[in-house]
Amino acid sequence: MKAIAKIGNLISNKDKMMILRNLSRIMDIRVIDLEVDTGKLIFLYYSPIALEQVKQELWRIGYPIRHFKFLSTLSPNFQGDGSTETAFA
C-alpha cells in the first residue's frame, strides 16, 4: 500500500540522508520520495508491521510523523492514487 507522511524536524539534506539510510534497513517498505522543503515522505509498505516500524524508527531518530495519508491502489503495481484515509500520528 502507499502512504504519504508529513515529517517533523526535517530541515536539510543531511536530515534527508539520515532518514533514507535508516528507513532502508526496513525490509517491507520502499521510499518513493522525501521532500526536504515540505517534509513529505512518500513510501510503499507491504504490511501493517512495516508501517509501525517506519513510525517507530522516525520517532527514534528525532523526525516524528505529524500525520499520514493512506492511498488506495487499484492494481498490484501501485498505479492509481485514490485517497482513502488520513490519520494523525
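Residues numbered from 1 in each chain as written. Predicted model: local features only at pLDDT ≥ 70, side-chain atom pairs only at ≥ 80, totals over all residues. Heavy atoms only, no water.

Peer 1: Can you tell me about the overall build of the chain, naming the residues and giving the values?
Peer 2: Check the secondary structure of the chain and you find 2 helices and 5 strands. For the chain, the succession of helices and strands along the chain, N to C, is β-α-β-β-α-β-β. Sorting the 89 residues of the chain into buried and exposed places 39% on the buried side. Sequence separation of at least 24 residues holds for 54% of the intrachain contacts in the chain that already meet a minimum separation of 6. Here the chain displays about 5500 Å² of accessible surface, and carbon together with sulfur accounts for 55% of that area. (Helix = DSSP H or I, 4+ residues; strand = E, 2+ residues; numbered from the N terminus. Buried < 20%, exposed > 50% of the residue type's maximum accessible area, 1.4 Å probe, protein only. Contact = heavy atoms within 4.5 Å. Areas by Shrake-Rupley, 256 points an atom, 1.4 Å probe, with all protein chains shown as cover.)

Peer 1: Lay out the side chain of Glu57 in plain terms, naming residues and giving numbers.
Peer 2: Within the fold, Glu57 resides in helix H2 (residues 48-60). In this structure the side chain of Glu57 is engaged in a polar contact, spanning 2.7 Å, whose partner is the side chain of Asn22. Excluding its chain neighbours within four sequence positions, the residues that come into contact with Glu57 are Asn22, Leu23 and Ile26. (Polar contact = N/O pair within 3.5 Å; in protein donor to acceptor, adjacent residues only side chain to side chain.)

Peer 1: Describe in detail the side chain of Asp15, supporting the description with residues and values.
Peer 2: Considering the arrangement of structural elements, one finds Asp15 in helix H1 (residues 13-23). In this structure Asp15 is buried but unpaired, with Lys14 as the nearest side chain of opposite charge at 6.9 Å. Polar side-chain contacts of Asp15 include one of 2.7 Å to the side chain of Tyr63. Among all residues touching Asp15, those that are not within four sequence positions of it are Asn9, Leu10 and Tyr63. (Lys, Arg positive; Asp, Glu negative; His and termini not counted. Salt bridge = Lys/Arg side-chain N within 4 Å of Asp/Glu carboxyl O.)

Peer 1: I'd love a proper account of the packing of H1 against H2, names of residues and values included.
Peer 2: The relative placement of two packed helices is expressed as an angle between their axes plus a distance between the axes. Their axes nearest at 10 Å, the elements H1 and H2 cross at an angle of 140°. Considered as vectors, H1 and H2 are oriented oblique to each other. Remark: the crossing between H1 and H2 carries right-handed chirality. Between H1, through Ile19, Asn22 and Leu23, and H2, the contact on the second element is made entirely by Val54, Glu57, Leu58 and Arg60. (Axes fitted to C-alpha atoms, helices over the stretch in contact; angles between N-to-C directions. Parallel < 35°, antiparallel > 145°, perpendicular 65-115°, else oblique. Left-handed = near helix turned anticlockwise from the far one by under 90°.)

Peer 1: If you had to explain the packing of aromatic side chains to someone new, which residues and values would you point to?
Peer 2: Enumeration according to the criterion identifies 3 aromatic pairs in this entry. Seen from their ring centres, Phe43 and Tyr45 are 6.1 Å apart, and the 50° between their planes marks the pair as tilted. The class of Phe43 is buried, set by a relative accessible area of 1%. Looking at Tyr45, the relative accessible area reads 4%, which means it is buried. (Phe/Tyr/Trp six-rings, centres within 6.5 Å; stacked < 30°, edge-to-face > 60°.)

Peer 1: I'd like to hear about the pairing of strand S3 (residues 40-45), residue by residue, with values.
Peer 2: Most of S3 sits inside the fold, with 5 of its 6 residues counted as buried. In this sheet, S3 lies alongside strand S1 (residues 2-7) in antiparallel orientation, the contact comprising 5 bridges. Each bridged residue has a counterpart across the sheet, and for Ala3 the counterpart in S3 is Phe43. Looking at chain direction, strand S2 (residues 29-35) and S3 are connected through 6 bridges and run antiparallel. By the bridge assignment, Ile29 is partnered in S3 with Tyr45. The turn joining S2 and S3, which pair antiparallel and follow one another in sequence, is formed by 4 residues; a positive phi near 75° is taken by Gly39. (Pairing = 2+ DSSP bridges.)

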